[in-house]
Amino acid sequence: MRKLLNLVFLCLLGACSSGSNSSSKPLVEILSQQPDGGARIPFFELLSESKEIYMLQNDPLLRKKIKDSDLNLCNFVILNAGEQESYGYQFSIDQATETQDSIVIKTKLLPPSLVVKPEKDVFYTPFTVLKINSKKPIRYK
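As a starting point, this report considers the structure included with it. (Residues numbered from 1 in each chain as written. Predicted model: local features only at pLDDT ≥ 70, side-chain atom pairs only at ≥ 80, totals over all residues. Heavy atoms only, no water.)

**Some words on the nonpolar core**
Note the threshold: For the purposes of this section, nonpolar cores are sets of buried Ala, Val, Leu, Ile, Met, Phe, Trp, Tyr and Cys residues that join through side-chain atoms within 4.5 Å. Any residue under 20% of the maximum accessible area for its type is buried, any over 50% is exposed, and the rest in between are partly exposed; the area is computed with a 1.4 Å probe on protein chains only. Helix and strand assignments follow DSSP, with helices taken as H or I runs no shorter than four residues and strands as E runs no shorter than two, numbered in order from the N terminus.
By size, the foremost hydrophobic cluster in this structure holds twelve residues: Leu31, Leu47, Ile53, Leu56, Leu62, Ile66, Leu71, Cys74, Phe76, Ile78, Phe127 and Val129. Elements with a minimum of two residues in this core: helix H2 (50–57), strand E3 (75–81) and strand E6 (127–132). In this structure, Val77, Leu79, Ala81 and Ile132 belong to the second largest nonpolar core, which totals eleven residues.

Following this line, the structure appears as structure tokens:
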């Protein structure tokens, strides 16, 4: 009887282990990546305040991707590439690392695979919106 109780206890202990959870959220999620519609100058903007994030919830492309609980649990980053002469530029997330006191994000602006130059003085302004599943400070490289 004792062996049976030990076996049941070990099975329960194994079922409750703190192993990796396949449904856990990634550290960084790309919510939107648009080839045009961003700002004319390149910049990186961190949105961490509830009222800033609430503005993202009003965007039709992001409305269903941002939950009210995200206001207190997540930060958001807007990456703007500035004016580009070709359509199709986009950001890649090369690395996202969580340190003890911050989140470090390394990105790269990738050129389009097929370069098509538009008429003179026509520019595209690609941008990307990231969701960071942490409230730690963000460092951008």
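**Details of the layout of surface pockets**
This is how it is decided: Within this scheme a cavity is a closed region of a 1 Å grid, computed over the protein atoms alone, that accommodates a 1.4 Å probe without allowing it to escape, whereas a pocket is open but has protein on both sides within 12 Å along at least five of seven lines; lining residues each have an atom within 4 Å of a point. Grid points are joined across faces, edges and corners, and a volume is the space filled by probe spheres set on the points. Charged means Asp, Glu, Lys or Arg here, nonpolar means Ala, Val, Leu, Ile, Met, Phe, Trp, Tyr, Cys or Pro, and polar covers whatever is left, Gly included.
Volume-wise, the largest pocket comes out at about 200 Å³. Ser32, Glu45, Leu47, Glu52, Met55, Leu56, Asp59, Leu62, Ile78, Asn80, Phe127 and Val129 together form the lining of the largest pocket. Broken down by secondary-structure element, the contributors of at least two residues to the lining of the largest pocket are strand E2 (42–47), H2, E3 and E6. If you tally residues by element for the lining of the largest pocket, the top one is H2, at three residues. Here the residues of the lining of the largest pocket sort into seven nonpolar, two polar and three charged.

**Concerning the packing of aromatic side chains**
Keep this limit in mind: Stacked, tilted and edge-to-face pairs are distinguished by plane angle, under 30 degrees for stacked and over 60 for edge-to-face with tilted covering the rest, among Phe, Tyr and Trp rings (Trp via its six-membered ring) whose centres lie within 6.5 Å.
Evaluated as defined, the whole model comprises two aromatic pairs. Look at phenylalanine 44 and tyrosine 140: their rings are 4.3 Å apart centre to centre, the planes differ by 10 degrees, and that puts the pair in the stacked class. You can see phenylalanine 44 sitting in strand E2 and its partner tyrosine 140 sitting in strand E7 (residues 138–140), a full 96 residues away along the chain. Judged by centre distance (5.2 Å) and plane angle (80 degrees), the ring pair of tyrosine 87 and tyrosine 124 falls under edge-to-face.

**Description of the sheet that holds E3**
Just so we agree on the cut-off: DSSP calls a pair of strands paired once it identifies at least 2 bridges connecting them. Every axis in this analysis is a line fitted to C-alpha atoms, fitted for helices over the stretch in contact. Angles between the N-to-C directions lie between 0 and 180 degrees. In what follows, residue pairs with any heavy atoms lying within 4.5 Å of each other are defined as contacts.
Reading across from one edge, E1-E6-E3-E2 is the order of the four strands in this open sheet, with antiparallel pairing throughout. Two strands lie at the open edges of the sheet, namely strand E1 (28–34) and E2, each paired on one side alone. Ignoring which end each strand starts from, the neighbouring axes of this sheet average 15 degrees apart. The pairing of E1 with E6 spans six bridges and is classified as antiparallel. Residue pairing in the sheet places glutamine 33 in a bridge with threonine 128 of E6. Strands in contact with H2 are E2, E3 and E6; relative to E2, the strand with the most contacts, it is inclined by about 110 degrees.

**Section: the pattern of salt bridges**
Convention followed: Here, a salt bridge means any side-chain nitrogen of Lys or Arg that lies within 4 Å of a carboxyl oxygen of Asp or Glu.
Counting across every chain of the model gives four salt bridges. As a salt-bridge pair, arginine 40 and glutamate 83 come within 2.9 Å of each other at their nearest N and O atoms. Placement of arginine 40 in the loop between E1 and E2 and of glutamate 83 in the loop between E3 and strand E4 (90–98) is noted, with a sequence separation of 43 residues between them. A relative accessible area of 64% places arginine 40 in the exposed class. The exposure class of glutamate 83 is partly exposed, given its relative accessible area of 32%. Here aspartate 70 makes a salt bridge to lysine 131, at a shortest N to O gap of 3.1 Å. With a gap of 61 residues between them, aspartate 70 in helix H3 (residues 70–73) and lysine 131 in strand E6 connect regions that are remote in the sequence. The residues aspartate 70 and lysine 131 share a single accessibility class, namely buried.

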